[in-house]
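# Overview (structure and organization)
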Amino acid sequence: GVPLLVDILTSSYQNLRKQRILAEVASVLGQLCNDSETRSLISESFPVVACLLWVNDAAQPNTKLKSKLLFALRQLCLLGQNKLKVGPHVIPVLLEELALATWASEECATNLVLLLTSLATINSNALLMADTIDAALETCGIQKNGEPAKNNKLVKHLWPKVEALLIRIKDAQAAQCAF
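This text gives an overview of the structure that appears in the document. (Residues numbered from 1 in each chain as written. Predicted model: local features only at pLDDT ≥ 70, side-chain atom pairs only at ≥ 80, totals over all residues. Heavy atoms only, no water.)

Along its length, the chain carries 10 helices and 2 strands. The helix and strand sequence of the chain, counted from the amino end, reads α-α-α-α-α-α-α-α-α-β-β-α. Taking 16 Å as the expected radius of gyration for a compact globule of 179 residues, we find that the chain reaches 16 Å, a close match to that expectation. Taken along the three principal axes of its C-alpha coordinates, the chain extends 50 × 40 × 25 Å. Relative to its 179 residues, the chain shows a buried fraction of 49%. Across the chain, contacts joining residues at least 24 apart in sequence account for 68% of those joining residues at least 6 apart. Of the roughly 8900 Å² of accessible surface on the chain, 55% is carried by carbon and sulfur atoms. Once the 17 positive and 16 negative side-chain charges of the chain are each reduced to a mean point, those two points are 5 Å apart. (Helix = DSSP H or I, 4+ residues; strand = E, 2+ residues; numbered from the N terminus. Rg over C-alpha atoms; globule rule 2.2 N^0.38 Å. Buried < 20%, exposed > 50% of the residue type's maximum accessible area, 1.4 Å probe, protein only. Contact = heavy atoms within 4.5 Å. Areas by Shrake-Rupley, 256 points an atom, 1.4 Å probe, with all protein chains shown as cover. Lys, Arg positive; Asp, Glu negative; His and termini not counted. Charge placed at Lys NZ, Arg CZ, Asp CG, Glu CD.)

Pasting the structure below:
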C-alpha cells in the first residue's frame, strides 16, 4: 500500500525522466488522501509533501504531471499543517503558472485554482496572493478589467471557482485591516 507508493516516489522524484510514473504516483496518492487516516499517515510518517514540492518545482506548467501534483498537494492540504508548509513555497510560482493557463490545459488550471483556494483558507496564504492574482487572471484571459472575460471557455468552466478564491482573498484582506 502506502509504503510501496512512497518508496516509488522517494526513489523517482529527482528523476524527471520518470514523469509518467511520477504523475501516476501523485494521482494515486491524491486519491488515497480522500481517506483522512491515510492522509494523516502520508503527511506525518513519510516525506511525501517534501518530495511532491520538489517535483512540483521542477515540473513544467500545463502538463499532466503538474496537474496530478497539484491534485495530490490539494488533497494533502486538507490538513492545516500542510497548508502552512505548502502555501509559502508554491503560491508565487502558481500565480505565475496561472497566467499561462489555457483551455488546452483546463484540468491543470482547475487543479491550480482549487489548490490556491484551499491554501487561501489560511489568511497569510491568501495575503500572499493578493498583489498578483488579478494580473495572473488578466494575463490568461479569465478576467478583464476585474470582471470575468466574455467568450472564453476557461471562464465558463472556472469562474465560480475563481470567484470563490477572490472572495477568500478579499476576506483575508478585510481581516488584516480590522486589526
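This part covers the nonpolar core. Of all hydrophobic cores here, the largest spans 60 residues; its most connected members are Leu9, Leu52, Leu98, Leu116, Met129 and Ile142. The element best represented in this core is helix H10 (residues 153–177), accounting for 9 residues. When near neighbours in sequence (up to four residues on either side) are disregarded, Leu116 contacts Ile91, Leu94, Leu95, Leu98, Met129 and Leu165. (Core = buried A, V, L, I, M, F, W, Y, C linked by side-chain atoms within 4.5 Å.)

All right, on to the environment of Thr139 then. Here Thr139 shows up in helix H9 (residues 133–140). Classification of Thr139 by relative accessible area gives exposed; the value is 57%. Spatially, the C-alpha atom of Thr139 lies 14 Å from that of Lys150, the residues being 11 residues apart in sequence.

For the coordinates displayed, the defined rule picks out 3 salt bridges. Across the pair Glu24 and Lys64 runs a salt bridge whose closest N-O atoms are separated by 2.9 Å. Here Glu24 is found in helix H2 (residues 19–32), whereas its partner Lys64 is found in helix H5 (residues 64–76), with 40 residues between them in sequence. (Salt bridge = Lys/Arg side-chain N within 4 Å of Asp/Glu carboxyl O.)

Attention now goes to helix H3 (residues 36–45). Turning to H3, its buried residues number three or more, namely Thr38, Arg39, Ile42 and Ser43. On an axial view of H3, the arc spanned by its buried residues comes to 130 degrees, and they lie on one face. The exposed set on the far side of H3, more than 90 degrees from its buried face, consists of Glu37 and Glu44. Tucked into the core, H3 has its buried residues touching helix H1 (2–12), H2, helix H4 (48–58), H5 and helix H6 (80–98). (Arc of directions from axis to C-beta.)

This part takes up the side chain of Gln75. Among the structural elements, Gln75 can be located in helix H5. Excluding residues within four positions of it along the chain, Gln75 makes contact with Gly30, Cys33, Asn34 and Arg39.

Phi at Asn62 is positive, roughly 60 degrees, even though this residue is not glycine. A positive phi is found at Asn151, a non-glycine position, where the angle reads about 55 degrees. When you line up the elements, Asn151 lands in the loop between strand S2 (147–148) and H10.

Bringing the packing of helix H7 (residues 106–119) against H10 into the picture now. Viewed as axis vectors pointing N to C, H7 and H10 meet at an angle of 10 degrees, and their least axial separation amounts to 9 Å. Taken together, the axes of H7 and H10 lie roughly parallel to each other. Of the residues in H10, those in contact with Glu106, Ala109, Thr110, Val113, Leu114, Leu116 and Thr117 of H7 are Leu154, His157, Leu158, Lys161, Val162 and Leu165. In terms of residue class, the contact of H7 with H10 is built from 8 nonpolar, 3 polar and 2 charged. (Axes fitted to C-alpha atoms, helices over the stretch in contact; angles between N-to-C directions. Parallel < 35°, antiparallel > 145°, perpendicular 65-115°, else oblique. Nonpolar A, V, L, I, M, F, W, Y, C, P; charged D, E, K, R; others polar.)

Read these as geometric descriptors, not functional statements.
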